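What follows is the residue order along each chain.
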Amino acid sequence: MAKLFRAVIMGPPGSGKGTISERIAQSFGLARLSSGDFVRENIAANTDAGVLAKTYIERGLLVPDHVMTRLLLPRLEEMTRHSWLMDGFPRTLAQAKALNSTCDLDLVISLNIPYETLKERLSDRWIHPASGRVYNMGFNPPHVQGRDDISGEPLIQHDDDKPEALVARLRHYKDVAKPIIDLYKSKGILHTFSGTETDRIWPYINSLLSTKIPSTSQTDTQRIPMP
Ligand code: G5P
Ligand code: MG
């Protein structure tokens, strides 16, 4: 069996983690897991973790480490036969250490996007809650305004994309991410990509991953459902 590949994509809110992970999942057949999607699914299902998480997300704060690790690590431990890409976890040094005790990462992608670009993008972002599909009114608008392309259902804006929550999220990211970035740098697995446009960054990520994992057909792609 081919060696399994474990990767993480990090970056501030709106940096393109979701957009780029979808492309990676499609091009390389990795299972994509998104910590934000797990949290939102738990909120929608009204689980204990979801009810607690909502009180933090509404204020633009990170969900506490013990809640995140309890939600995500068991899911990763089950994925013994899949190569995967984790979007949005770890977010703190404590989470990175917890992940480290569960598995060895092969690669970490860090997105470095200017603050002004992030603010513009997020205020224009709309989501299809059932599928997690993300639209941007300038970059990738839906075919019909306010409607998901596939299901035709209404699009919504996240509570945490509203202005007050957004400023707090961006400010907080840098402080909290620095020790994680230093940790992965010291392990020699960190790759940082800087720029203002995803379409310009993507070819560099694509060619890096082409040297690490074989390409696969789009039909191998899978989205991991809620546990
Ligand atoms: P999330 O859901 O992980 P964030 O805050 O990390 O949320 P977000 O907002 O999902 O990050 P992203 O995935 O980095 O952003 O970016 P994206 O969605 O792909 O792109 C942003 C927008 O820009 C989209 O509309 C996209 O179409 C557009 N876009 C992309 N590229 C371009 C471009 O080149 N040009 C233009 N014009 N537009 C572009 O986490 C949510 C919350 O959950 C909690 C936290 O409270 C968090 O705030 N949480 C955690 N808490 C603790 N620990 C964890 N590990 C947690 N994980 C989640
Ligand atoms: Mg995202």
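Computed from a predicted structure; not experimentally measured.

Asker: Account for unusual backbone geometry, with residues named and values stated.
Answerer: The omega torsion across Phe 89 and Pro 90 is 5 degrees, close enough to zero to call that bond cis. When you line up the elements, Pro 90 lands in the loop between β3 (84-87) and α5 (93-100). Positioned with a positive phi, Asn 46 is a non-glycine residue whose angle comes to about 60 degrees. Along the chain, Asn 46 turns up in the loop between α2 (35-44) and α3 (48-57). Note on Asn 46: relative accessible area 58%, which makes it exposed.

Asker: Pulling in residues and values, what's your account of the side chain of Ser 21?
Answerer: Mapped onto the elements of the fold, Ser 21 is located in helix α1 (residues 17-28). Classification of Ser 21 as buried rests on a relative accessible area of 0%. Among all residues touching Ser 21, those that are not within four sequence positions of it are Ile 9, Arg 32, Leu 85 and Asp 87.

Asker: Could you give an account of the pattern of salt bridges, with specific residues and numbers?
Answerer: Taken as a whole and assessed by the stated rule, the structure comprises ten salt bridges. Across the salt bridge formed by Arg 75 and Glu 78, the nearest N and O atoms sit 2.6 Å from each other. One end of the pair, Arg 75, and the other, Glu 78, are both in helix α4 (residues 65-78), three residues apart, so they sit about a helical turn from each other. Between Arg 133 and Asp 148 there is a salt bridge whose closest N-O contact spans 2.9 Å. Of this pair, Arg 133 sits in strand β6 (residues 133-136) while Asp 148 is found in the loop between β6 and α7 (163-187), placing the two residues 15 residues apart along the sequence.

Asker: Summarise the UniProt feature "binding site: AMP" (unreviewed entry) in the protein; cite the residues concerned and give the values.
Answerer: On the UniProt side, "binding site: AMP" (unreviewed entry) is annotated at positions that read Ser 35, Arg 40, Leu 61, Leu 62, Val 63, Gly 88, Phe 89, Pro 90, Arg 91, Gln 95 and Arg 169 here. Turning to its location among the elements, Leu 61 is positioned in the loop between α3 and α4. Assessed through its relative accessible area of 37%, Leu 61 is described here as partly exposed. Its place among the elements puts Phe 89 in the loop between β3 and α5. Leave out the neighbours within four places in its chain, and Phe 89 touches Val 8, Ser 35, Met 68, Thr 69, Leu 72, Leu 73, Gln 95 and Leu 99.

What counts as what
- Residues numbered from 1 in each chain as written.
- Chains lettered and ligands numbered in written order.
- Predicted model: local features only at pLDDT ≥ 70, side-chain atom pairs only at ≥ 80, totals over all residues.
- Heavy atoms only, no water.
- Helix = DSSP H or I, 4+ residues; strand = E, 2+ residues; numbered from the N terminus.
- Buried < 20%, exposed > 50% of the residue type's maximum accessible area, 1.4 Å probe, protein only.
- Contact = heavy atoms within 4.5 Å.
- Salt bridge = Lys/Arg side-chain N within 4 Å of Asp/Glu carboxyl O.
- UniProt positions renumbered as here; feature names shortened; annotations may be inferred.

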